[in-house]
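# Chain and residue survey
Spelled out from the first residue to the last, the chains are:
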Amino acid sequence: METEIARRLLNWYQTSQRRLPWRGHADPYAVWVSEIMLQQTRVETVIPYFERWMARFPTLADLARAGEQEVLQAWEGLGYYSRARNLHRAAQVVMEKHGGRLPSTRDELEKLPGVGRYTAGAIASIAFGRDEPALDGNIRRVFARLFDVTVPARSPEGDRMLWQLAAENLPPGRAGDFNQAVMDLGATICTPRMPACLVCPVEALCLARQRGVQEERPVLPRRRETPHYTVTAAVIQRDGQVLLARRPSEGLLGGLWEFPGGKQEPEETLEACLEREIREELGVQIQVGAHLGIYQHAYTHFKVTLHAFRCRLVDQQEPQALEASELRWTPLEQLPEFPMGKIDRQIARRLLQEG
């Protein structure tokens, strides 16, 4: 039985859906890639990455055969790099355990690395036509407003209520279109701030709108103050080459290359911080030289201000990978071949410009 909410949204979607390169794609692999890329990332940012990815890894088998460094390089700049590593591992699992065919059921999809309840529901409904609900940030907001959900959306009770509402309004046989319709509504009309209620196809059915509390829904926890850290990085050069360290595969920026360094401790100068970090990470002594710029970046849960310095080794001892997974001396012209986070890429570009 189709609800009035589903009927109106499906009618609206027929004429107002966004034109996106992964929609209507014959290969479920493309839907999967897009859903992973769209996690915590805006559509306009994802589109060029998706197109380049599909050109580089056109099939699931191509992705499974690729090396981790190639995968991370294709992902560079998109952030949340665990998504890329999980996507790569999951492709290998699909090749090994599913004959190269992406599973079509939510239960089987959820067993793949990096695929949670929402992503499994989205892939199952959009790529395979399964009657599965999906609940991303946009969909949570839409249902929290439509039904004026007053409990916090991310609490266990709120989560249970919103999944139930999504399932109850799911039109049999058209779950994929419905889930995408609600996503589009949340992205274009039912936005976090100043929703365009007057042009919303379900305005008349929205309890939060009727009660004038649409901008107060969903109920969210108070934001905590974001920690800020000062960090340093050493650009150590020798014989026309620069030293790079590869981060461990797990954790923040896992598998990416960086200029070694670390976080400043209280009452510690930047130079002393860098000397200590290099001693702890590489087991060598350095002389800190010219300042090479200040770089800032905001991660999900913290912000950093990084100070880069040109440095040189003060003895003949070879640096050791005490904390990194690998060290590499590389010519400057080869820096673009190493996948890096945003700050380290900025430093690399400056080095290339200065020669």
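Summary of the structure given here.

About the thresholds
Residues numbered from 1 in each chain as written. Predicted model: local features only at pLDDT ≥ 70, side-chain atom pairs only at ≥ 80, totals over all residues. Heavy atoms only, no water. Helix = DSSP H or I, 4+ residues; strand = E, 2+ residues; numbered from the N terminus. Buried < 20%, exposed > 50% of the residue type's maximum accessible area, 1.4 Å probe, protein only. Contact = heavy atoms within 4.5 Å. Areas by Shrake-Rupley, 256 points an atom, 1.4 Å probe, with all protein chains shown as cover. Lys, Arg positive; Asp, Glu negative; His and termini not counted. Charge placed at Lys NZ, Arg CZ, Asp CG, Glu CD. Core = buried A, V, L, I, M, F, W, Y, C linked by side-chain atoms within 4.5 Å. Axes fitted to C-alpha atoms, helices over the stretch in contact; angles between N-to-C directions. Parallel < 35°, antiparallel > 145°, perpendicular 65-115°, else oblique. Left-handed = near helix turned anticlockwise from the far one by under 90°. Nonpolar A, V, L, I, M, F, W, Y, C, P; charged D, E, K, R; others polar. Phe/Tyr/Trp six-rings, centres within 6.5 Å; stacked < 30°, edge-to-face > 60°. Lys NZ or Arg CZ within 6 Å of the ring centre and 35° of its normal. Polar contact = N/O pair within 3.5 Å; in protein donor to acceptor, adjacent residues only side chain to side chain. Salt bridge = Lys/Arg side-chain N within 4 Å of Asp/Glu carboxyl O.

## Details of the overall build of the chain
- When helices and strands are counted, the chain shows 14 helices and seven strands.
- Each of the 355 residues in the chain was classed as buried or not, and the buried ones make up 49%.
- Restricting to contacts in the chain with at least 6 residues of sequence separation, those with at least 24 account for 65%.
- As presented, the chain carries roughly 17,500 Å² of accessible surface, and 48% of it is formed by carbon and sulfur atoms.
- Across the chain, the centroid of the 45 positively charged side chains sits 5 Å from that of the 46 negatively charged ones.

## Topic: the nonpolar core
- Ranked by size, the top nonpolar core spans 39 residues in total, and within it Y29, W32, M37, W53 and W75 carry the most contacts.
- Residue assignment for this core shows that the elements contributing at least two residues are helix 2 (28–37), helix 3 (43–56), helix 4 (60–65), helix 5 (68–75), helix 6 (82–97) and helix 8 (117–128).
- Excluding its chain neighbours within four sequence positions, the residues that come into contact with M37 are V46, Y49, F50, W53, W75, L78 and R83.

## Considerations on the packing of helix 2 against helix 3
- Where helix 2 meets helix 3, the axes come as close as 10 Å, and the angle between the chain directions of the two elements is 140°. Here helix 2 lies oblique to helix 3, going by the angle between them. Our pair here, helix 2 against helix 3, has a crossing hand that is right-handed. Only V46, Y49, F50, W53 and M54 of helix 3 make contact with helix 2, whose side of the interface consists of Y29, A30, V33, S34 and M37.
- Split into classes, the residues belonging to the contact of helix 2 with helix 3 amount to nine nonpolar, one polar and no charged.

## Re the packing of aromatic side chains
- Considering all chains together, one arrives at nine aromatic pairs under this definition.
- With a centroid separation of 6.2 Å and 15° between ring planes, the pair formed by F143 and F147 is classed as stacked.
- In this structure F143 comes out as buried when scored by relative accessible area, which is 1%.
- Each member of the aromatic cluster is reached from another via a ring pair, and the members are W53, F57 and W75.
- Over the aromatic face of W163 sits the side chain of R117, whose NZ or CZ is 3.8 Å from the ring centroid.
- The aromatic ring of Y229 is capped on one face by K263, whose charged end is 4.4 Å from the ring centroid.

## Details of the side chain of R217
- Here R217 is to be found in the loop between helix 12 (207–210) and strand 1 (228–238).
- What makes R217 buried here is its relative accessible area of 12%.
- Among the polar contacts listed, one links the side chain of R217 to the side chain of D148, at a separation of 2.6 Å.
- Discounting residues that sit within four places of it in the chain, R217 has contacts with R141, A144, R145, D148, V149, T150 and A208.

## A look at the pattern of salt bridges
- Inspection of every chain in the model, using the stated rule, returns 28 salt bridges.
- Its salt-bridge partner being E44, residue R42 comes within 2.7 Å of it at the nearest N-O pair.
- Given a relative accessible area of 58%, R42 falls into the exposed group.
- Exposure remark for E44: the relative accessible area of 48% places this residue in the partly exposed category.
- What emerges from the salt-bridge pattern is a single network uniting E68, R246, E326 and R328.

## Notes on the side chain of E132
- By the secondary structure assignment, E132 is in the loop between helix 8 and helix 9 (137–146).
- A polar contact is formed between the side chain of E132 and the side chain of R106, at a distance of 3.1 Å.
- In this structure E132 touches R106, G121, A124, S125, L170, A175 and N179, once residues within four positions along its chain are discounted.

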